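Fold and contact review
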Amino acid sequence: MMNGWFLAAGALLFAAFFVHSFRGNTLYAAARPDRSRLRACDAWLMGRCGMQLIGVDLLLAAGALLSIGSGLLPRSRALESFLWLTYCGWTVGWLLSLAAERAQGRDLLRLCQWVLFLIVAILTGIGIFG
């Protein structure tokens, strides 16, 4: 049986994967420090690796939600709950990180990836519990 909530969440994550991979990569590459600044370059490279991990997360979660939502994979409360909790965690973690850095209101709008995470968490939650 199809689940439109999971399909919507998966489609958003799939689109986000492409935006993240191309636009996000371009933005991150522009912040590359001079290689002579070893500590700054190391920190930037670790962030670059983190960017790739986020891309993998977006793609795998999109695939799982689209597969469950289309009925290609059987429903699994454990997997669905894991995905829901992951995006609840991404939302809270993103907002806490911004708060810890004393981000301003405009930063919440400029760095609004938390909105995507919140929408995915809501859609997934409705798909599970609704």
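Residues numbered from 1 in each chain as written. Predicted model: local features only at pLDDT ≥ 70, side-chain atom pairs only at ≥ 80, totals over all residues. Heavy atoms only, no water.

**Some remarks on the packing of helix α1 (residues 4-30) against helix α5 (residues 113-129)**
Basically, it comes down to this: Lines are fitted to the C-alpha atoms to define the axes, a helix being fitted only along its stretch in contact, and any angle between axes, read from their N-to-C directions, falls within 0 to 180 degrees. Secondary structure counts use DSSP, requiring at least four H or I residues in a row for a helix and at least two E residues in a row for a strand, with both numbered from the N terminus. Convention used here: angles under 35 degrees read as roughly parallel, angles over 145 as roughly antiparallel, angles from 65 to 115 as roughly perpendicular, and any remaining angle as oblique. Two helices that cross are described as forming a left-handed crossing if the nearer one is turned anticlockwise from the farther one by less than a right angle, and a right-handed crossing if clockwise. Should any heavy atoms of two residues lie within 4.5 Å, those residues are counted as being in contact. Polar here means any residue other than Ala, Val, Leu, Ile, Met, Phe, Trp, Tyr, Cys and Pro, which are nonpolar, and Asp, Glu, Lys and Arg, which are charged; Gly is therefore polar.
Axis separation between α1 and α5 bottoms out at 8 Å; the angle between their running directions is 155°. Looking at the two axes, α1 sits roughly antiparallel to α5. At the point where α1 passes α5, the crossing takes the left-handed sense. Seen from α1, the contacting residues are Trp5, Phe6, Ala8, Ala9, Leu12, Leu13 and Ala16; seen from α5, they are Leu116, Ile119, Val120, Leu123, Thr124, Ile126, Gly127 and Ile128. For the contact of α1 with α5, the per-class residue count stands at 13 nonpolar, two polar and no charged.

**A look at the packing of helix α3 (residues 77-100) against α5**
Two elements in contact, α3 and α5, have axes whose closest approach is 8 Å; the angle formed by their N-to-C orientations is 155°. The angle between the axes of α3 and α5 places the two elements in the roughly antiparallel class. The handedness of the crossing between α3 and α5 is left-handed. Residues Arg77, Glu80, Ser81, Trp84, Tyr87, Cys88, Trp90, Thr91, Trp94, Leu95 and Leu98 of α3 form the contact with α5, whose participating residues are Gln113, Trp114, Phe117, Leu118, Val120, Ala121, Thr124, Gly125, Ile128 and Phe129. Its residues assigned to classes, the contact of α3 with α5 comprises 14 nonpolar, five polar and two charged.

**Section: the packing of aromatic side chains**
Condition: Pairing of aromatic rings covers Phe, Tyr and Trp, the last counted by its six-membered ring, and requires centre-to-centre distances within 6.5 Å; plane angles under 30 degrees mean stacked, over 60 mean edge-to-face, and any other angle means tilted. Three exposure classes are used, based on accessible area relative to the maximum for each residue type with a 1.4 Å probe and protein chains only: buried under 20%, partly exposed in between, and exposed over 50%.
Taken as a whole, this structure holds eight aromatic pairs when the rule is applied. Consider the rings of Tyr28 and Trp44, whose centres lie 5.4 Å apart with planes at 20°: the pair is stacked. Residue Tyr28 is located in helix α1, and its partner Trp44 is located in helix α2 (residues 38-70); the two are separated by 16 residues in the primary sequence. Assessed through its relative accessible area of 7%, Trp44 is described here as buried. A network of ring pairs unites the aromatic residues Phe14, Phe17, Phe18 and Phe22 as a single cluster.

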